[in-house]
Amino acid sequence: MIALIDYGAGNLTSVRKGFDAVGAELFTPADPSDLARASGIVVPGVGNFAATAVLEGAWTAAIERAIRSRVPLFGICLGMQWLFEGSDEAPGVAGLGAVPGVCARLPARVKVPHVGWNSLDAPRPSVLLDGIRPGSQVYFTHSFAAPVTAESVATCEHGAEFAAAVEKDRIFGVQFHPEKSSDAGLRILRNFAALTRA
């Protein structure tokens with residue numbers, strides 16, 4: 001079963017419904033030790049990066065143990081930003097550090113937050129994005145974004161280019177909300193669920 005982490009900053013109901021739609025079974029761990037039985041881990045999230053401070057310590061250690069055991073990890077929106085080293089939004093809060101770089105605010109010259117549908121640009125071969133066509137429309141809602149790095153498998157443009165999806169070994173993240181992104185989003189959730197069964 002896939003562990004859906006509840007640290008008080010995620011829309012767990014919609015994420016759960018999205019995974020239900022692709023036939024994936026989820027549970028919400030009450031304690032970091034519960035991750036030992038997870039076949040995959042999802043870190044969702046909306047809001048301020050400071051909310052991820054709850055994950056510091058035992059939760060981060062348990063997630064790192066799972067990663068070393070090759071358990072797939074999937075960060076969604078704020079959960080993807082947490083995969084990086086940190087964010088200018090909450091400079092004193094550390095991210096997981098699995099992907100290099102620091103998240104920054106979108107440029108002031110465009111409407112922030114970036115809310116609504118936008119297209120995925122420059123997708124490259126990716127396990128998570130398998131079957132997703134260039135230009136596919138997905139749903140965003142965010143004010144901060146991750147930098148484009150070697151781990152970026154898709155980008156998006158809103159005042160500046162940012163990482164829309166990242167992939168590093170069995171660590172994955174998307175800045176958009178796949179559970180709200182129609183067929184493309186469901187395909188991504190299905191791809192991740194398949195990884196947890198492999």
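Bear in mind that the values here come from a model prediction, so they are computed numbers and not experimental data. (Residues numbered from 1 in each chain as written. Predicted model: local features only at pLDDT ≥ 70, side-chain atom pairs only at ≥ 80, totals over all residues. Heavy atoms only, no water.)

*Asks:* Break down the packing of helix α1 (residues 12–21) against helix α4 (residues 182–197) for me, citing the residues and quoting the values.
*Replies:* Contact geometry of α1 with α4 gives a least axis separation of 9 Å together with a crossing angle of 75°. Between α1 and α4, the crossing angle belongs to the class labelled roughly perpendicular. Where α1 approaches α4, its residues Gly18, Phe19 and Ala21 are matched on the opposing element by Leu186, Leu189 and Phe192. Residue classes in the contact of α1 with α4 are distributed as five nonpolar, one polar and no charged. (Axes fitted to C-alpha atoms, helices over the stretch in contact; angles between N-to-C directions. Helix = DSSP H or I, 4+ residues; strand = E, 2+ residues; numbered from the N terminus. Parallel < 35°, antiparallel > 145°, perpendicular 65-115°, else oblique. Contact = heavy atoms within 4.5 Å. Nonpolar A, V, L, I, M, F, W, Y, C, P; charged D, E, K, R; others polar.)

*Asks:* I'd like to hear about the side chain of Ser87, residue by residue, with values.
*Replies:* Structurally, the position occupied by Ser87 is in strand β5 (residues 86–87). Among the polar contacts listed, one links the side chain of Ser87 to the backbone nitrogen of Glu89, at a separation of 3.1 Å. Residues in contact with Ser87, not counting those within four places in the same chain, are Phe49, Val102, Cys103 and Phe144. (Polar contact = N/O pair within 3.5 Å; in protein donor to acceptor, adjacent residues only side chain to side chain.)

*Asks:* An account of the sheet that holds β5 is requested, with residue identities and associated values reported.
*Replies:* An order of β5-β6-β9 is seen for the three strands of this open sheet, with the pairing classed as mixed. Among the strands making up the open sheet, the edge pair consists of β5 and β9 (144–145). With two bridges joining them, strand β6 (residues 102–105) and β9 adopt antiparallel strand pairing. Within β9, the position partnered with Arg105 by the bridge is Phe144. (Pairing = 2+ DSSP bridges.)

*Asks:* Describe in detail the sheet that holds strand β2 (residues 26–27), supporting the description with residues and values.
*Replies:* In sheet architecture, strand pairing relies on hydrogen bonds along the backbone and comes in two forms, parallel and antiparallel. Pairing in this open sheet of seven strands is mixed, and the strands run β2-β1-β3-β4-β12-β11-β10 from one edge to the other. The sheet terminates laterally at β2 and β10 (152–157), the two strands that pair on one side only. In this sheet, strand β3 (residues 40–43) lies alongside strand β1 (residues 2–4) in parallel orientation, the contact comprising three bridges. Bridge pairing in β3 places Ala3 opposite Ile41. The sheet contacts of α1 involve β1, β2, β3 and β4 (73–76), and relative to β1 the element is tilted by about 160°.

*Asks:* Would you mind going over the state of the cysteines in detail, with residue names and values included?
*Replies:* Applying the stated criterion across every chain yields a total of zero disulfides. Cys156 takes part in no disulfide bond, and the closest cysteine sulfur to it belongs to Cys77, at a distance of 12 Å. The class of Cys156 is buried, set by a relative accessible area of 0%. (Disulfide = S-S within 2.5 Å. Buried < 20%, exposed > 50% of the residue type's maximum accessible area, 1.4 Å probe, protein only.)

*Asks:* Summarise the packing of aromatic side chains; cite the residues concerned and give the values.
*Replies:* Per the counting criterion, the structure on display carries six aromatic pairs. With a centroid separation of 6.2 Å and an interplanar angle of 80°, the aromatic rings of Phe172 and Phe192 are classed as edge-to-face. Taken as a pair, Phe172 in strand β12 (residues 171–174) and Phe192 in helix α4 lie far apart in primary sequence, 20 residues in all. As far as the burial class goes, Phe172 and Phe192 line up, both buried. One aromatic cluster is present, formed by Phe19, Phe74, Phe172 and Phe192 through successive ring pairs. Here the basic side chain of Arg37 rests over the ring of Phe27, its NZ or CZ set 4.0 Å away from the ring centre. (Phe/Tyr/Trp six-rings, centres within 6.5 Å; stacked < 30°, edge-to-face > 60°. Lys NZ or Arg CZ within 6 Å of the ring centre and 35° of its normal.)

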